Amino acid sequence: MLMKYRLFTPGPTSVPEATLLELAKPVHHHRTGEFRAMFNEVQTLLQYVFQTTKTVYTITGSGTAAFEAGFVSTVQPGQKVLNISNGKFAERWASYAKTFGTDLKDIKLEYGQHIQPADLEKELKAAKYDAVVLVHSETSAATVCDLAAIAKVVRTTSPDTLLIVDGITSIGAMPFKMDEWGVDVAITGSQKALMLPPGLGSSPCPTGP
Ligand SMILES: Cc1ncc(COP(=O)(O)O)c(C=O)c1O
């Protein structure tokens, strides 16, 4: 009997058959008007997913590659970065920020906890940060933060501080309003809520540090 292969992971999620059938179609030439039209349509649809009017940069790589691209495009070595660590993925971003040579403060919380907006406000009043980095949905600990409230604190307490959000398992799966909330850089991966194969990471972000 042919057994159906099933993935029981938080992503890659199962790719719907209709998508698999699309993938089976002949490839388009990537330097044609036809491809350009498709690319522009995908851009518009991704802007809807992120709820943003910013350009969404999609790269061939996983979500981690998109994070790295978004991070190094907006933060410079030596700049002050505040990372909120409450799980494996948040810890990964702390190690990136450190390796990249930023002046990192890493707030370490118990897995399952998230920073309270009032605590973040205190932190932002005590020191000036160039960027705050956090994970919206920390998959390793199944924790979602109140990103709307957190973003409001950043925007009102320290308007010039960039808010960089790993939305890899939240964007497309739960409300995410990049422009309305004031998120500067957001990241997702094709294999999560978008239910595509892994290998594409998307990140709308401002251009240049
Ligand atoms: C919250 C979060 N961040 C980052 C990643 C890493 O994403 P990728 O495997 O696409 O590099 C994952 C993967 O599960 C994740 O859930």
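First things first, this report covers the structure right here in the doc. (Residues numbered from 1 in each chain as written. Predicted model: local features only at pLDDT ≥ 70, side-chain atom pairs only at ≥ 80, totals over all residues. Heavy atoms only, no water.)

1. A closer look at unusual backbone geometry
Rules: Numbering goes from the N terminus for both helices and strands, where a helix is a DSSP run of H or I of at least four residues and a strand is a run of E of at least two. Relative accessibility under 20% of the residue-type maximum defines a buried residue, over 50% an exposed one, and the middle range a partly exposed one, all with a 1.4 Å probe and only protein chains included.
Residues Gly11 and Pro12 are joined by a peptide bond in cis, for which omega reads 10°. Mapped onto the fold, Pro12 is located in the segment before helix H1 (17–23). Of note in this structure, Ala142 is not a glycine but carries a positive phi near 50°. Examined against the element boundaries, Ala142 turns out to sit in the loop between strand E5 (137–138) and strand E6 (143–144). The residue Met195 is not glycine, and still its phi comes out positive at about 55°. Within the fold, Met195 resides in the loop between strand E8 (185–189) and strand E9 (200–204). What makes Met195 partly exposed here is its relative accessible area of 34%.

2. Looking at the site of the ligand
Condition: Only a single heavy atom is needed: when it lies within 4 Å of a molecule or strand, its residue is near that molecule or strand. Any pair of nitrogen or oxygen atoms within 3.5 Å is treated as a polar contact; in protein, a donor-acceptor pairing is required on top of that, and neighbouring residues in sequence qualify only through side-chain atoms on both sides. Under the convention used here, a 1.4 Å probe and the Shrake-Rupley method define accessible areas, while residue burial counts only the protein chains that appear.
The local shell around the ligand holds 14 residues, among which Ser62, Thr64, Thr139, Asp166 and Lys192 are the closest. Here an oxygen atom of the ligand and a side-chain polar atom of Ser62 are 2.6 Å apart. The separation between an oxygen atom of the ligand and a polar side-chain atom of Thr139 is 2.4 Å. When the ligand is considered free in solution it has 390 Å² of accessible area, and contact with the protein chains removes 88% of it. The set of elements that each furnish at least two residues to the shell around the ligand consists of helix H3 (63–74) and helix H4 (88–99).

3. Thoughts on the sheet that holds E8
To keep it simple, the criterion reads: Should DSSP find at least two bridges between two strands, the strands are regarded as paired. Here an axis means a line fitted to C-alpha atoms, over the contact stretch when the element is a helix, while the angle between two N-to-C directions is reported on a 0 to 180 degree scale. Any two residues whose heavy atoms approach within 4.5 Å are treated as being in contact.
Taken in spatial order, the seven strands make up an open sheet running E1-E9-E8-E7-E4-E2-E3, and their pairing is mixed. A single partner strand is all that each edge strand has here, and the edge strands are strand E1 (56–60) and strand E3 (103–108). Neighbour-to-neighbour, the strand axes of the sheet open up by a mean angle of 20°, direction not taken into account. Relative to E3, strand E2 (residues 80–85) is paired through six bridges, and the arrangement is parallel. Bridging across to E3, Lys80 finds its partner in Asp103. Contacts from H4 reach E2, E3, strand E4 (131–135) and strand E7 (162–166) within the one sheet, and its direction differs from that of E2 by about 160°.

4. Thoughts on helix H2 (residues 33–50)
Operational definition: Expected helix span is computed as 1.5 Å times (number of residues minus one). Of all possible arcs, the one meant is that of the directions from the helix axis to the C-beta atoms.
Counted at 1.5 Å a residue, the expected span for H2 with its 18 residues is 26 Å, and the 26 Å between its end C-alpha atoms agrees. Those residues of H2 that sit buried are Gln43, Leu46, Gln47 and Phe50. Relative to the axis of H2, the buried residues are bounded by an arc of 105° and lie together on one face. Across H2 from its buried face, at more than 90 degrees, point the exposed residues Glu34 and Tyr48. Positioned one or two residues after H2, Gln51 has a phi angle of 55°, which is positive.

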